[in-house]
Amino acid sequence: MPPDHLSSTFAALSDPTRRAILARLVSGEATVKELAEPFEMSLPAISKHLKVLERSGLIARGREAQWRPCRLEAGPLKEVADWVEHYRRFWEASFDRLDNYLRELQRKDKKHGRDKEQS
Amino acid sequence: MAGIKSSPDTEISARELVFTRVFNAPRELVFKAWTEPEHVAQWWGPNGFTTTIYEMDVRPGGVWRFVMHGPDGVDYKNKIIYNEVVKPERLAYSHTGDANSEPVHFQVTVTFAGKGGKTELTMRTVFETAAELNRVVKEYGAVEGAKQHLGRLEKHLANM
């Protein structure tokens, strides 16, 4: 996937309305009208959000009916989730080392007692 | 699975990532481990990484320059500027990149909350723009080579 794609995905995810729309689509296809219901927004405003989501590949829209139902596309979300996972692992791993290191420091510091968390 | 939440202790809201972890040590010690070079070099980065620290001036406006050596032999230069230093509770700094490498800009705030002899650490990373985030993605893409190490570590974490 070209790197720019990921950045457009993040940009698309930066808006709370769009995240809410995606969350709604997790449970299945929906029309623009259905998606607009929970929001105090006009249909054109919702349509704008949908266009952003569609451009970034986060959703796809059916062609068969004139109301063009929207559905979630898992690919770009997975890219984001993978990246976050990568970054998280980096820090999990560092925190793990920090955890061990802190234990070591404390063992050195207080040789007299409190050794029981060595496991 | 809207990609907004990927695990209970990781949240992504647009340009921000938040990690938390509880350490079984008083926060004075945890803070020390984050702010004194001889300590930081002992744990920064996943297993297999080593860190060379060239300067570390922990005060507002102070600079921290270091290189991370990946297990695959790749070096990652880093330059950090401290924005806020409140001993032993809070640390805020900016990753600014280095003169010789592509600048990567993101802000990190680390808070150390004391909880009866333990420390709850919260690390908040904010990316200035999606483009910056994208650049970081590329940098960390290079860390792919370290995945085996990460995999092993993950197993270790699962057994803890």
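The structure displayed is predicted, hence computed values, not measured ones. (Residues numbered from 1 in each chain as written. Chains lettered and ligands numbered in written order. Predicted model: local features only at pLDDT ≥ 70, side-chain atom pairs only at ≥ 80, totals over all residues.)

### Some details on the overall build of chain A
Consideration 1: For chain A, the count of helices and strands is five helices and two strands.
Consideration 2: For chain A, the succession of helices and strands along the chain, N to C, is α-α-α-α-β-β-α.
Consideration 3: Here chain A, with 119 residues, has 28% of them falling under the buried criterion.
Consideration 4: Once local pairs closer than 6 in sequence are excluded, the contacts in chain A between residues at least 24 apart make up 51%. (Helix = DSSP H or I, 4+ residues; strand = E, 2+ residues; numbered from the N terminus. Buried ≥ 20, exposed ≤ 12 C-beta atoms within 10 Å, placed from the backbone. Contact = placed C-beta atoms within 7 Å.)

### A closer look at the confidence of the model for chain B
Any segment with low pLDDT has predicted coordinates that should not be analysed in fine detail.
All names here are of chain B.
Consideration 1: When pLDDT is averaged along chain B, the result is 75, and 64% of the positions lie at 70 or above.
Consideration 2: Residue range residues 1-13 is modelled with pLDDT below 50. Its contacts to residues more than four positions away, or to other chains, number 26 contacts.
Consideration 3: Scored below 50 in pLDDT, residues 141-160 makes 25 contacts in the model with residues more than four places away or belonging to other chains.
Consideration 4: For this predicted complex, the interface score ipTM comes out at 0.70, alongside a pTM of 0.62. (pLDDT = per-residue confidence, 0-100.)

### Remarks on the environment of Ile80(B)
Consideration 1: Structurally, the position occupied by Ile80(B) is in strand 6 (residues 75-86).
Consideration 2: Note on Ile80(B): 18 C-beta atoms within 10 Å, which makes it partly exposed.

### Here we look at helix 1 (residues 27-35) of chain B
Because the α-helix completes a turn every 3.6 residues, residues three or four places apart line up on one side.
Consideration 1: If you check which residues of helix 1 of chain B are buried, you get Arg27(B), Val30(B), Phe31(B) and Ala33(B). Angular distribution of buried residues about the axis of helix 1 of chain B spans 155 degrees; they occupy a single face of the element. (Arc of directions from axis to C-beta.)

### A word on the nonpolar core
Consideration 1: Leu25(A), Leu53(A) and Ile59(A) are the most contacted members of the largest nonpolar core, which has 15 residues in total.
Consideration 2: Among the secondary structure elements, those contributing two or more residues to this core are helix 1 (3-13), helix 2 (16-25), helix 3 (32-36), helix 4 (43-55) and strand 2 (70-72) of chain A.
Consideration 3: The element contributing the most residues to this core is helix 1 of chain A, with four residues.
Consideration 4: With residues up to four places along the chain from it excluded, the contact list for Leu25(A) reads Ala30(A), Ile59(A), Cys70(A), Arg71(A) and Leu72(A).
Consideration 5: Counting 13 residues, the second largest nonpolar core, distinct from the first, contains Phe31(B), Ala33(B), Val110(B) and Leu121(B). (Core = buried A, V, L, I, M, F, W, Y, C linked by C-beta atoms within 7 Å.)

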